[in-house]
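# A structural walkthrough
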Amino acid sequence: MPKVVYRSLKSGRFLKSAARAVETKNVAGHNGRKTVRTLDANDDNFDDGLRYVFAQNVARARRENKRVTGRADVAPRKR
């Protein structure tokens, strides 16, 4: 039976090893430049790296929503 561990997701800063485990590339596409983050599945700090990438994606989405709608937590209306 798996062991359940309770831990705060708001632990503050990320570990430096989590940020180092993530490789970031800027890729040019037909609609502009995109940032692509890749994570090694065999890394010892995979869970911290995954949390780091997820937090970066959420921050980017909130910035985009704030730019479009003026509010960070609401998705823009579909047209």
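Residues numbered from 1 in each chain as written. Predicted model: local features only at pLDDT ≥ 70, side-chain atom pairs only at ≥ 80, totals over all residues. Heavy atoms only, no water.

## Thoughts on the overall build of the protein chain
Under the convention used in this document: Secondary structure is summarised from DSSP: a helix means a run of H or I of at least four residues, a strand means a run of E of at least two, and numbering begins at the N terminus for each. Note on definitions: a residue-residue contact is assigned when non-hydrogen atoms from the two residues lie within 4.5 Å. Per-residue and other accessible areas were derived by the Shrake-Rupley procedure at a 1.4 Å probe size, with only the shown protein chains allowed to occlude residues.
The number of helices and strands found in the protein chain is 2 helices and 2 strands. For the protein chain, the succession of helices and strands along the chain, N to C, is α-β-β-α. Summarising the internal contacts of the protein chain: among those between residues at least 6 apart in sequence, 29% fall at separations of at least 24. About 7500 Å² of surface is accessible on the protein chain, with carbon and sulfur atoms providing 51% of the total.

## Details of helix H2 (residues 46–69)
We count it as follows: In this analysis, the expected span of each helix is defined as 1.5 Å times one less than the number of residues it contains. Relative accessibility thresholds used throughout: buried, under 20% of the residue-type maximum; exposed, over 50%; partly exposed, between the two (1.4 Å probe, protein chains only).
Spanning 24 residues, H2 covers 34 Å between terminal C-alpha atoms, matching the ideal 34 Å at 1.5 Å per step. Considered for burial, the residues of H2 that qualify are Asp48, Gly49, Arg51, Tyr52, Val53 and Asn65.

## Some remarks on the confidence of the model for the protein chain
The test is simple: Confidence of the prediction at every residue is given by pLDDT, a number between 0 and 100.
On average, residues of the protein chain score 79 in pLDDT, and 80% of them reach the 70 mark or higher. The weakest mean pLDDT in the protein chain belongs to helix H1 (residues 16–21) at 69; the strongest belongs to strand S1 (residues 22–29) at 87.

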